[in-house]
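# Fold and geometry: a report
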Amino acid sequence: MKIPVVFWNGGSYKLINFGVFAAFGAMFGYSVGFFYLYSKGLEISQYCWTISFILVFFNIFFAKAYNIFSIGIKPYFGNFRHNFNDTSFYLQGGIIGFILGTFLLYFLLNIPFAILADAVSIGGIIVMAFGRIGCHNYGCCTGKPTCGRIGIVYKDPNAKICRENPQMMNVPLIPIQLISSAINFLIFAVCVFIAFYYPYSGLITITFFIAVNIKRILIQKYRLKEGKNKIPYRSVSFGFIIAIILIIWFFQSTGELFFQPSVSVIPFTPGNYFRFIISDFNVVTSLLFVFVVNFIAYGINGRVVGKHFNLPSDSQQPIHTI
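Scoring rules and cut-offs
Residues numbered from 1 in each chain as written. Predicted model: local features only at pLDDT ≥ 70, side-chain atom pairs only at ≥ 80, totals over all residues. Heavy atoms only, no water. Helix = DSSP H or I, 4+ residues; strand = E, 2+ residues; numbered from the N terminus. Contact = heavy atoms within 4.5 Å. Buried < 20%, exposed > 50% of the residue type's maximum accessible area, 1.4 Å probe, protein only. Expected span 1.5 Å × (residues − 1).

A word on the environment of Val290. As for its placement among the helices and strands, Val290 is situated in helix H13 (residues 281-299). It is 9.5 Å that separates the C-alpha atoms of Val290 and Phe57, two residues lying 233 residues apart in sequence. When neighbours within four sequence positions are excluded, Val290 is seen to be in contact with Ala26, Met27, Tyr30, Ser52 and Val56.

The phi torsion at Asn110 lies on the positive side, around 60°, for a residue other than glycine. Turning to its location among the elements, Asn110 is positioned in the loop between helix H6 (91-109) and helix H7 (113-138). A residue is classified by how much of its surface remains accessible, and Asn110, at 67% relative accessible area, is exposed. With phi around 55°, Cys141 is a residue other than glycine that occupies positive phi space. Residue placement: Cys141 occurs in the loop between H7 and helix H8 (160-164).

Here the focus is helix H1 (residues 17-39). Every α-helical turn comprises 3.6 residues, leaving residues that sit three or four positions apart pointing alike. For H1, spanning 23 residues, the distance from its first C-alpha to its last is 33 Å, which sits close to the expected 33 Å at 1.5 Å a residue. Most of H1 is tucked away: 18 of the 23 residues are buried. Positive phi appears at Gly41, one or two residues downstream of H1, with a value of about 95°.

Next comes the structure, spelled out in structure tokens:
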């Protein structure tokens, strides 16, 4: 039984299941990132609120702002109110937010960059994995039509693919979001393996960036092209790989240690993770903050699905995203 796009219709607002996936994924991902830092001997209770606040808002802001590059700067700001009100978010923009947020945290908290980046990476891949499940439910980032045995059919009129391309309703599509999510969970498993058996600083970070972006380059051709989207996703993914290599080179040149033994004070095990999560009030409340903010951003729509607010110009016309 497929979970509907809308789980609560309040008349002037709607609650969207995508927000549930995004909120739980973010809360779980941040908790793993916190535990990674805790396992390295950091007093995470002192840092968790700062980390949560900066990464959440950097991630959401840049995931939202990335829509400017999809539409084009002039067209976007030429009809800013309409375009901003659209609920489109972009994963690659969110990654940029995580990178910039990590830079800021490094300068604010004085945590070694490699350890901080590893924590953000091992938690970030979980955020992305749950986010792609949310995409599958919402009907965005869909695959191309398929004649194969395995295909996803969208029938919910609130699904993005059905709103914007009614002719695609009941057409079998490649379940590219679920494939992407499964690969992300596999990358997470590899990162956990590294954390447990090969704890070298920065190794999780480089694994994350290379694996995630090679995956994007390979599967992009199976995704359905979205209207007049101007973002060259494959080129951006290749740029991320180059960027992380340059970032590591820069920090190594300033004396930061990469690919050096990074001993865990507390073993990175499931049992220790669960004990850590329930033992600190600051950690628990900061994770609840992460959950709430992500649900507000991704889970609350106005009267019309796909719009943040009930603006007259948007409530009187069909929903179209570029």
